[in-house]
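Reading the structure
Spelled out from the first residue to the last, the chains are:
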Amino acid sequence: MTTDFEWPVRVYYEDTDAGGVVYHANYLKFMERARTEWLRALGFEQDRLRAEYGIVFAVRRLSVEMQRPAHFNEALTVTCRVQRLRRASIEFAQAVQRDTTVLVTGEVGIACVDVARQAPVAIPDEVTHALRAADGTKA
């Protein structure tokens, strides 16, 4: 899958450390927001997925590389792209950018988890079909 989803983020004072630079853990929050908004743009609210399918998506693997700092009040763009869609997981490539300058890159592995059993479960067909349709691949 090759389509990038973009989500704008403004750096607030609360996102920064004493030096006025975005605190490293907040990049993970920015990436999480982008994945949540991506899912919402596909027509799926996470609370609905939990209520109707009994599933949640949980981070199972994470790799982040900080390249340049972001600062207070900057407008950033967070991108989200599905690299690999499996039966019960999704692997994302993500980036945080200021204009065209890449500040942070990340690879995030997400597992689809059955809430009641706390175990991996297949991603619902409705979700899988929407992911493939959004990318223009076979639905």
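Scroll up to find the structure.
Scope of this entry: the structure provided in the associated data block. Here the structure is a predicted model, which means the values were calculated and not measured.

Attention now moves to the environment of Met 66. Among the structural elements, Met 66 can be located in strand E2 (residues 55–66). Remark: the alpha-carbon pair of Met 66 and Tyr 13, spanning 53 residues in sequence, is separated by 19 Å.

Taken as a whole, this structure holds four aromatic pairs when the rule is applied. Taken together, a centroid distance of 6.0 Å and an interplanar angle of 85° make the contact between Tyr 13 and Phe 72 edge-to-face. Remark: Phe 72 occurs in the loop between E2 and strand E3 (75–85) and Tyr 13 occurs in the loop between strand E1 (5–10) and helix H1 (24–41); sequence separation between them is 59 residues. Judged by its relative accessible area of 66%, Tyr 13 is exposed. Classification of Phe 72 by relative accessible area gives partly exposed; the value is 45%. Relative to Phe 30, the ring of Tyr 27 lies with its centre 6.1 Å away and its plane at 85°, an arrangement referred to as edge-to-face. Of this pair, Tyr 27 and Phe 30 both sit in helix H1, separated by three residues, roughly a single helical turn. Neither Tyr 27 nor Phe 30 differs from the other in exposure class; each is buried.

The element strand E4 (residues 89–98) is largely enclosed, with a buried count of nine among its ten residues. Pairing between E3 and E4: eight bridges, direction antiparallel. What sits directly across from Cys 80, in E4, is Gln 94. If you look at the hairpin formed by E3 and E4, you'll find three residues sitting between the two strands. Pairing between E4 and strand E5 (residues 101–114): ten bridges, direction antiparallel.

All right, on to H1 then. Taking 1.5 Å per residue, 18 residues should reach 26 Å; H1 reaches 27 Å between its end C-alpha atoms and fits that length. Restricting attention to buried positions, one finds in H1 the residues Asn 26, Tyr 27, Phe 30, Met 31, Ala 34, Arg 35, Thr 36, Glu 37, Trp 38 and Leu 39. Just beyond H1, the residue with positive phi is Gly 43, at close to 100°.

Next up on the list: unusual backbone geometry. Leaving glycine out, the prevailing phi sign among residues is negative, and the prevailing peptide bond configuration is trans. Residues other than glycine seldom take positive phi values, yet Asn 73 does so here, at roughly 70°. Among the secondary structure elements, Asn 73 is positioned in the loop between E2 and E3. Assessed through its relative accessible area of 45%, Asn 73 is described here as partly exposed. Phi angles above zero are rare outside glycine, and Asp 99 is one such case at about 55°. Relative to the assigned elements, Asp 99 resides in the loop between E4 and E5.

Quick look at a nonpolar patch on the surface now. Judged by side-chain polarity, Leu 28, Val 59 and Leu 62 come together as a nonpolar surface patch covering roughly 230 Å² of accessible area. As for its placement among the helices and strands, Val 59 is situated in strand E2. Exposure remark for Val 59: the relative accessible area of 44% places this residue in the partly exposed category.

Calculation notes
- Residues numbered from 1 in each chain as written.
- Predicted model: local features only at pLDDT ≥ 70, side-chain atom pairs only at ≥ 80, totals over all residues.
- Heavy atoms only, no water.
- Helix = DSSP H or I, 4+ residues; strand = E, 2+ residues; numbered from the N terminus.
- Phe/Tyr/Trp six-rings, centres within 6.5 Å; stacked < 30°, edge-to-face > 60°.
- Buried < 20%, exposed > 50% of the residue type's maximum accessible area, 1.4 Å probe, protein only.
- Pairing = 2+ DSSP bridges.
- Expected span 1.5 Å × (residues − 1).
- Patch = residues over 30% accessible without salt bridge, like charges linked within 9 Å, V, L, I, M, F, W, Y side chains within 5 Å.
- Areas by Shrake-Rupley, 256 points an atom, 1.4 Å probe, with all protein chains shown as cover.
- Salt bridge = Lys/Arg side-chain N within 4 Å of Asp/Glu carboxyl O.

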